[in-house]
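This is what each chain is made of:
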Amino acid sequence: MADQVSGENPTEKTVEKLTEKPTEKPTGVNRYALQCAIVASIVSIIFGYDTGVMSGAMVFIEEELKTNDVQIEVLTGILNLCALVGSLLAGRTSDIIGRRYTIVLASILFMLGSVLMGWGPSYPVLLTGRCTAGLGVGFALMVAPVYSAEIATASHRGLLASLPHLCISIGILLGYLVNYFFSKLPMHIGWRLMLGIAAVPSLVLALGILKMPESPRWLILQGRLGEGKKILDLVSNSPEEAKLRFQDIKTAAGIDPKCEDEVVKMENKKTHGEGVWKELILRPTPAVRRVLLTALGIHFFQHATGIEAVLLYGPKIFKKAGITTKDKLFLVTIGVGIMKTTFIFTATFLLDKVGRRKLLLTSVGGMLCALTMLGFGLTMAQNSGGKLVWALVLSIVSAYSFVAFFSIGLGPITWVYSSEVFPLKLRAQGASLGVAVNRVMNATVSMSFLSLTKAITTGGAFFMFAGVAAVAWNFFFFLMPETKGKSLEEIEALFQRDGDHKVRGENDTV
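Not measured: the values here are computed from a predicted model.

**Q** When you look at the overall build of the protein chain in this model, what are you seeing that I'm missing?
**A** Summing up its helical and strand segments, the protein chain has 22 helices and zero strands in all. By the compact-globule yardstick of 24 Å for 510 residues, the protein chain fits well, its C-alpha radius of gyration being 24 Å. Looking at the protein chain residue by residue over its 510 residues, the buried ones come to 56%. Restricting to contacts in the protein chain with at least 6 residues of sequence separation, those with at least 24 account for 84%. As presented, the protein chain carries roughly 20,700 Å² of accessible surface, and 66% of it is formed by carbon and sulfur atoms. For the protein chain, the distance from the average site of its 49 positive side-chain charges to the average site of its 39 negative ones is 7 Å.

Shown next as structure tokens:
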């Protein structure tokens with residue numbers, strides 16, 4: 001059925017005016033869009049909590065279940081391997097059932113995993129719980145940034161799309177705090193409560209998220225124009241902005257921009273992600289190839305630079321530096337969580353002002369310096385048997401600085417950038433591929449760090465991470481264009497070059 005907005009078709013002059021980029025100063029963030037992004041990002045708090053609380057719980061799991069270093073590495077890293085599977089399933093799932101119900105699915109998986117870990121009578125049950133939660137992680141890490149980016153306006157997309165990573169940091173800090181307070185309980189109760197309590201917010205989120213609207217871009221891609229337009233009216237700052245966004249999305253979805261029908265039958269159009277892998281991997285255009293390289297590259301370097309080593313194994317690292325009591329180890333680790341949350345919160349307001357590129361290069365440059373100092377401090381501390389106070393202080397300051405520089409740039413920008421650079425029809429599965437690379441690298445670091453420290457020492461491991469950071473800085477400098485202030489539809493043009501159509505035509509002929 002059709003729903004005509006006005007009795008007359010818009011004139012060419014009006015259409016031309018609507019397609020021009022607005023020149024007025026951007027207004028404040030839309031409150032409804034902010035509320036939607038916050039609710040969608042709560043699933044990331046649960047994931048962050050699981051990461052933070054495991055760093056402390058593993059200390060008690062080792063004592064009670066008599067696990068060795070390899071079993072601990074597997075227990076921490078298996079979550080990310082299962083998240084790899086979840087992320088690969090999440091893209092197609094969100095294209096079929098929508099972004100909102102995919103978040104519900106992630107919450108249910110978190111809840112089941114938390115119940116199993118809270119029960120945890122044996123190592124195999126713990127491992128099963130981590131695997132189940134890992135599937136939820138894969139779904140959450142893919143869908144939350146995509147949903148936030150798709151409801152946000154261009155002027156505030158950096159803020160809204162970075163909220164999931166901010167929420168991860170809040171969750172990690174909460175996990176560290178719970179470690180400190182629950183460590184005073186009897187050992188067989190404390191660590192089980194640490195892991196099992198996450199089931200409560202997971203259930204609440206699974207029910208509460210049903211009140212959220214669906215992504216307008218997903219609705220329009222399904223041909224549900226009327227529903228998409230109503231949501232755009234709610235999440236835009238003005239009727240003119242909503243109308244402009246509506247036309248841009250229709251164009252990207254292959255629908256006539258002048259079409260005012262409530263529902264359009266998407267004949268011969270792939271609306272559920274069919275054939276996307278072919279366009280992403282097998283026969284990508286030159287522009288898509290550049291997008292893919294950039295998106296996968298930023299996910300690779302986010303964890304290849306060693307952040308998970310500090311977040312997961314903080315107590316073990318600080319113990320090597322010279323701190324011995326559990327209370328002090330957990331307190332120093334809480335400082336890591338405070339630094340991470342504080343600087344990511346700061347980054348959410350800088351992304352749309354300073355820009356992604358400048359912030360990212362500054363972040364990685366600072367990480368390179370901090371990692372080098374951390375490697376030096378830990379080497380000196382270990383060689384002295386943990387007796388050099390200045391080496392201990394240097395190690396703590398360097399670890400905090402590393403987390404701060406990571407959190408103000410590479411941490412949140414990874415999720416913002418990878419959720420905005422893919423074209424509309426490739427976005428969900430492109431983002432899921434990025435999350436898959438992210439989880440592989442996370443698992444690689446978390447499952448090998450303890451073995452790596454035995455092979456090349458803890459300080460040597462961080463010198464290695466510093467070398468990776470140097471490579472990352474050059475990668476970002478040469479390959480990443482600025483996306484600040486551009487609509488999702490405009491960003492696609494940033495990766496196009498002269499002659500791309502000619503190359504594509506030759507490939508099609510072949």
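On we go from here.
**Q** Please clarify how helix 10 (residues 225-235) should be interpreted in this entry.
**A** An α-helical turn contains 3.6 residues, so a residue and the one three or four places further along point in the same direction. If you check which residues of helix 10 are buried, you get Leu-225, Gly-226, Gly-228, Ile-231, Leu-232 and Val-235. Tucked into the core, helix 10 has its buried residues touching helix 2 (31-65), helix 5 (123-151), helix 9 (216-221) and helix 11 (239-252).

**Q** Help me understand the packing of aromatic side chains, please; the structure alone is not making it clear to me.
**A** The geometry of an aromatic ring pair comes down to the distance between the two centres and the angle between the two planes. Summed over the entire model, instances satisfying the criterion amount to 13 aromatic pairs. Taking 5.1 Å as the distance between ring centres and 85 degrees as the angle between the ring planes, the aromatic pair formed by Phe-300 and Phe-301 counts as edge-to-face. Judged by centre distance (5.9 Å) and plane angle (80 degrees), the rings of Phe-301 and Phe-476 are edge-to-face. With Phe-301 in helix 13 (residues 286-304) and Phe-476 in helix 20 (residues 458-479), this residue pair connects regions lying 175 residues apart in the sequence. An aromatic cluster is built from Phe-300, Phe-301, Phe-475 and Phe-476, whose rings are joined through pairwise contacts. Here Arg-357 stacks its cationic end above the ring of Phe-477, 5.2 Å away from the centre of that ring.

**Q** I would appreciate a short explanation of a nonpolar patch on the surface in the present structure.
**A** Among the surface-exposed residues, Ile-96, Ile-97, Tyr-101 and Leu-210 lie close enough to one another that they form a single nonpolar patch of about 330 Å² accessible area. Here Ile-96 falls in the partly exposed class, since its relative accessible area comes to 40%.

**Q** Got a minute to help me understand the packing of helix 2 against helix 8 (residues 199-208) in this structure?
**A** Angle between the axes and distance between the axes: these two values describe a pair of packed helices. The interhelical angle for the contact between helix 2 and helix 8, taken along N-to-C directions, is 160 degrees, at an axis separation of 10 Å. It follows from the interaxial angle that helix 2 and helix 8 lie roughly antiparallel. Our pair here, helix 2 against helix 8, has a crossing hand that is left-handed. Here Val-39, Ile-42, Val-43 and Ile-46 of helix 2 lie close against helix 8, whose contacting residues are Pro-201, Ser-202 and Leu-205.

**Q** What's the story with the packing of helix 13 against helix 19 (residues 424-456) in this structure? I'm lost.
**A** Running from amino to carboxyl end, helix 13 crosses helix 19 at an angle of 30 degrees, the nearest separation of the two axes being 8 Å. Considering their axes alone, helix 13 and helix 19 lie roughly parallel with respect to each other. Considering how the two elements wind past one another, helix 13 and helix 19 form a crossing that is right-handed. Contacts from Val-288, Leu-292, Leu-296, His-299, Phe-300, Gln-302, His-303 and Ala-304 of helix 13 reach helix 19 at Leu-426, Leu-433, Gly-434, Val-435, Val-437, Asn-438, Arg-439, Met-441, Asn-442 and Val-445. Here the contact of helix 13 with helix 19 is composed, by residue class, of eleven nonpolar, six polar and one charged.

**Q** Got a minute to help me understand the environment of Gln-35 in this structure?
**A** Position of Gln-35 relative to the elements: it lies in helix 2. Gln-35 sits in the partly exposed class, given a relative accessible area of 48%. Sequence spacing of Gln-35 and Met-212 is 177 residues, and the spatial spacing of their C-alpha atoms is 9.2 Å.

**Q** Where do I start with the side chain of Ser-236 in this structure?
**A** Positionally, Ser-236 belongs in the loop between helix 10 and helix 11. Looking at Ser-236, the relative accessible area reads 6%, which means it is buried. One polar contact links Ser-236 to Arg-245, side chain to side chain, over a distance of 3.1 Å.

**Q** So what exactly am I meant to see when it comes to the pattern of salt bridges here?
**A** Counted under the stated rule, the structure contains 13 salt bridges. We note a salt bridge from Lys-184 to Asp-327, for which the minimum N-O separation is 3.6 Å. Here Asp-327 lies in helix 15 (residues 326-350) and Lys-184 lies in the loop between helix 6 (157-182) and helix 7 (187-196), a separation of 143 residues in the sequence. For Asp-327, a relative accessible area of 36% corresponds to the partly exposed category. Through salt bridges with shared partners, one network takes in Asp-95, Arg-99, Glu-150 and Arg-427.

**Q** Looking at this model, I keep getting lost on the environment of Met-194. Mind explaining?
**A** You can see Met-194 is positioned in helix 7. Along the backbone, Met-194 and Ser-238 are 44 residues apart, and their C-alpha atoms lie at a distance of 45 Å. Setting aside anything within four residues of it in sequence, one finds Met-194 in contact with Tyr-49, Val-53, Ala-57, Phe-60, Val-178, Asn-179, Phe-182 and Ser-183.

**Q** Any chance you could explain the confidence of the model for the protein chain here in plain terms?
**A** Do not read the fine detail of predicted coordinates wherever pLDDT is low. Per-residue confidence for the protein chain averages 85 on the pLDDT scale, and 90% of its residues sit at or above 70. A low-confidence stretch, residues 1-26 stays under pLDDT 50, and its non-local contacts, those more than four residues away or across chains, total 24 contacts. A low-confidence stretch, residues 506-510 (pLDDT under 50), is modelled with two contacts involving residues beyond four sequence positions or located in other chains.

**Q** Is there a simple way to think about the side chain of Ser-202 in this case?
**A** The topology assignment puts Ser-202 in helix 8. In this structure the side chain of Ser-202 is engaged in a polar contact, spanning 2.9 Å, whose partner is the backbone oxygen of Ala-198. Not counting chain neighbours up to four residues away, the residues in contact with Ser-202 comprise Ile-46, Ser-107, Phe-110 and Met-111.

Thresholds applied
- Residues numbered from 1 in each chain as written.
- Predicted model: local features only at pLDDT ≥ 70, side-chain atom pairs only at ≥ 80, totals over all residues.
- Heavy atoms only, no water.
- Helix = DSSP H or I, 4+ residues; strand = E, 2+ residues; numbered from the N terminus.
- Rg over C-alpha atoms; globule rule 2.2 N^0.38 Å.
- Buried < 20%, exposed > 50% of the residue type's maximum accessible area, 1.4 Å probe, protein only.
- Contact = heavy atoms within 4.5 Å.
- Areas by Shrake-Rupley, 256 points an atom, 1.4 Å probe, with all protein chains shown as cover.
- Lys, Arg positive; Asp, Glu negative; His and termini not counted.
- Charge placed at Lys NZ, Arg CZ, Asp CG, Glu CD.
- Phe/Tyr/Trp six-rings, centres within 6.5 Å; stacked < 30°, edge-to-face > 60°.
- Lys NZ or Arg CZ within 6 Å of the ring centre and 35° of its normal.
- Patch = residues over 30% accessible without salt bridge, like charges linked within 9 Å, V, L, I, M, F, W, Y side chains within 5 Å.
- Salt bridge = Lys/Arg side-chain N within 4 Å of Asp/Glu carboxyl O.
- Axes fitted to C-alpha atoms, helices over the stretch in contact; angles between N-to-C directions.
- Parallel < 35°, antiparallel > 145°, perpendicular 65-115°, else oblique.
- Left-handed = near helix turned anticlockwise from the far one by under 90°.
- Nonpolar A, V, L, I, M, F, W, Y, C, P; charged D, E, K, R; others polar.
- Polar contact = N/O pair within 3.5 Å; in protein donor to acceptor, adjacent residues only side chain to side chain.
- pLDDT = per-residue confidence, 0-100.

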